[in-house]
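# Survey of secondary and tertiary structure
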Amino acid sequence: ELKVEQNPLFLSMQEGKNYTIYCNYSTTSDRLYWYRQDPGKSLESLFVLLSNGAVKQEGRLMASLDTKARLSTLHITAAVHDLSATYFCAVGYGGATNKLIFGTGTLLAVQP
Amino acid sequence: NAGVTQTPKFRILKIGQSMTLQCAQDMNHNYMYWYRQDPGMGLKLIYYSVGAGITDKGEVPNGYNVSRSTTEDFPLRLELAAPSQTSVYFCASSDPGRNEQFFGPGTRLTVL
């Protein structure tokens, strides 16, 4: 059974600090997705990682994928309040159907 | 393009009532998905479809039914609503070539 674990579940950060969210998954996959969700809103796609060693960056966020370790990381650099949200990783499975298994999410609160 | 649209946005049902959650997309995507999100949790796949006339179960299909008569529409049917179906429901669609799912705004359902 494919399981996806994120940690931490809750992260309180000060503005300007760096931190990393971890996403571990239990079976082979070469597709890993990061989403952002604001309270009461839908999911916004942040990154799509499709190969071992993939690294993508957008602003203060950088995501990477290590398929051998079954680990993805989302690194936050110099956090700002606007980054406060819940972040989900999701692992693709089922071949071409590209079904997703989601982690439980990391609630990020950036304090001034 | 409107992307993925869902109706209604909110609904309160009594136990045992039935309803259909509507989902439509105008991106000509073959793949469509229904997820539910319980409070403080990630999304779980209910049903998915790889094209008109083709549907299959996801992780948590019990208590739901789907149909796909057109490429654009993918309604989700609740036949006998139960309090355990209180959740936020998200519809998504994807283009197999892009490996990325696009989510609708969600329907918040409460069963009392």
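## Section: the overall build of chain A
Within chain A, the regular secondary structure consists of zero helices and 11 strands. Reading the secondary structure of chain A in the N-to-C direction produces β-β-β-β-β-β-β-β-β-β-β. Computed over C-alpha atoms, the radius of gyration of chain A comes to 13 Å, within 12% of the 13 Å expected from 2.2 N^0.38 for 112 residues, which places it in the range of a compact globule. With the C-alpha coordinates of chain A rotated into their principal frame, the extents come out at 45 × 30 × 20 Å. Expressed as a percentage of the 112 residues in chain A, the buried residues total 47%. When the accessible surface of chain A is summed, it comes to about 5400 Å², and 50% of that surface belongs to carbon and sulfur atoms.

## Description of the overall build of chain B
Assigned secondary structure in chain B consists of zero helices and 11 strands. The secondary structure elements of chain B, listed N-terminal to C-terminal, are β-β-β-β-β-β-β-β-β-β-β. Relative to a compact globule of 112 residues, whose C-alpha radius of gyration would be 13 Å, chain B shows 13 Å and is just as compact. Expressed along its principal axes, the backbone C-alpha trace of chain B runs to roughly 40 × 25 × 25 Å. Considering chain B as a whole, with its 112 residues, one finds that 45% of them fall into the buried category. Carbon together with sulfur atoms contributes 51% to the accessible area of chain B, which is approximately 5300 Å² in total. Computed over 10 positive and 9 negative side-chain charges, the separation of the two mean positions in chain B equals 10 Å.

## Some details on the sheet that holds strand β7 (residues 64–66) of chain B
All names here are of chain B. Spatially, the four strands line up as an open sheet ordered β1-β3-β8-β7, and their pairing is antiparallel. Every other strand in the sheet has two partners, leaving β1 (4–7) and β7 as the edge strands with one partner each. Mean inter-strand twist for the sheet, computed between neighbouring axes without regard to direction, equals 20°. One ladder, built from four bridges, connects β1 with strand β3 (residues 19–25); its direction is antiparallel. Paired with Val4 across the bridge in β3 is Gln25.

## Regarding the interface of chain A and chain B
How big an interface is tends to be expressed through the accessible area that disappears when the partners come together. Counting from both sides, the interface comprises 22 residues of chain A and, opposite them, 20 residues of chain B. Both sides of the chain A and chain B interface together cover about 1600 Å² of buried area, and 56% of this is carbon and sulfur. Considering only the side of chain A, the residues that lose the most area to chain B are A:Thr97, A:Lys99 and A:Phe102, jointly responsible for 25% of the buried surface there. Inspection of the chain A/chain B interface yields zero salt bridges. Here chain A is connected to chain B by seven residue pairs in polar contact (both at pLDDT 80 or more).

## Some thoughts on the sheet that holds strand β1 (residues 4–7) of chain A
All names here are of chain A. The strand order β1-β3-β8-β7-β6 describes an open sheet built from five strands, whose pairing is antiparallel. Each having just a single partner strand, β1 and β6 (55–58) make up the two edges of the open sheet. Within this sheet the neighbouring strands show an average axis-to-axis angle of 15°, counted without direction.

## Details of the nonpolar core
Among the nonpolar cores identified, the biggest contains 26 residues, and A:Leu32, A:Trp34, A:Leu74, A:Ile76, A:Tyr87 and A:Leu108 are the most heavily contacted of them. Broken down by element, the residue count for this core peaks at four residues, all from strand β9 (residues 85–93) of chain A. In this structure, B:Val4, B:Leu78, B:Tyr89 and B:Val111 belong to the second largest nonpolar core, which totals 19 residues.

## Structural notes on the pairing of β3(B)
All names here are of chain B. The side-chain alternation of β3 yields one buried face, formed by Met19, Leu21, Cys23 and Gln25, and one unburied face, formed by Thr20, Gln22 and Ala24. The pairing of β3 with strand β8 (residues 76–78) spans three bridges and is classified as antiparallel. Bridged to Thr20 within β8 is Arg77.

## Description of the pattern of salt bridges
Scanning all chains against the criterion turns up three salt bridges over all chains. The closest approach of N and O atoms between A:Arg36 and A:Asp38, which form a salt bridge, is 2.9 Å. According to the relative accessible area criterion, A:Asp38 is partly exposed, its value standing at 27%. Here B:Arg77 ties to B:Glu79 by a salt bridge, and the two come within 3.3 Å at their closest N and O atoms. On the basis of relative accessibility, which here comes to 36%, the residue B:Glu79 falls in the partly exposed class.

Criteria and thresholds
- Residues numbered from 1 in each chain as written.
- Chains lettered and ligands numbered in written order.
- Predicted model: local features only at pLDDT ≥ 70, side-chain atom pairs only at ≥ 80, totals over all residues.
- Heavy atoms only, no water.
- Helix = DSSP H or I, 4+ residues; strand = E, 2+ residues; numbered from the N terminus.
- Rg over C-alpha atoms; globule rule 2.2 N^0.38 Å.
- Buried < 20%, exposed > 50% of the residue type's maximum accessible area, 1.4 Å probe, protein only.
- Areas by Shrake-Rupley, 256 points an atom, 1.4 Å probe, with all protein chains shown as cover.
- Lys, Arg positive; Asp, Glu negative; His and termini not counted.
- Charge placed at Lys NZ, Arg CZ, Asp CG, Glu CD.
- Pairing = 2+ DSSP bridges.
- Axes fitted to C-alpha atoms, helices over the stretch in contact; angles between N-to-C directions.
- Contact = heavy atoms within 4.5 Å.
- Buried area = accessible area lost by both parts, 1.4 Å probe.
- Salt bridge = Lys/Arg side-chain N within 4 Å of Asp/Glu carboxyl O.
- Polar contact = N/O pair within 3.5 Å; in protein donor to acceptor, adjacent residues only side chain to side chain.
- Core = buried A, V, L, I, M, F, W, Y, C linked by side-chain atoms within 4.5 Å.

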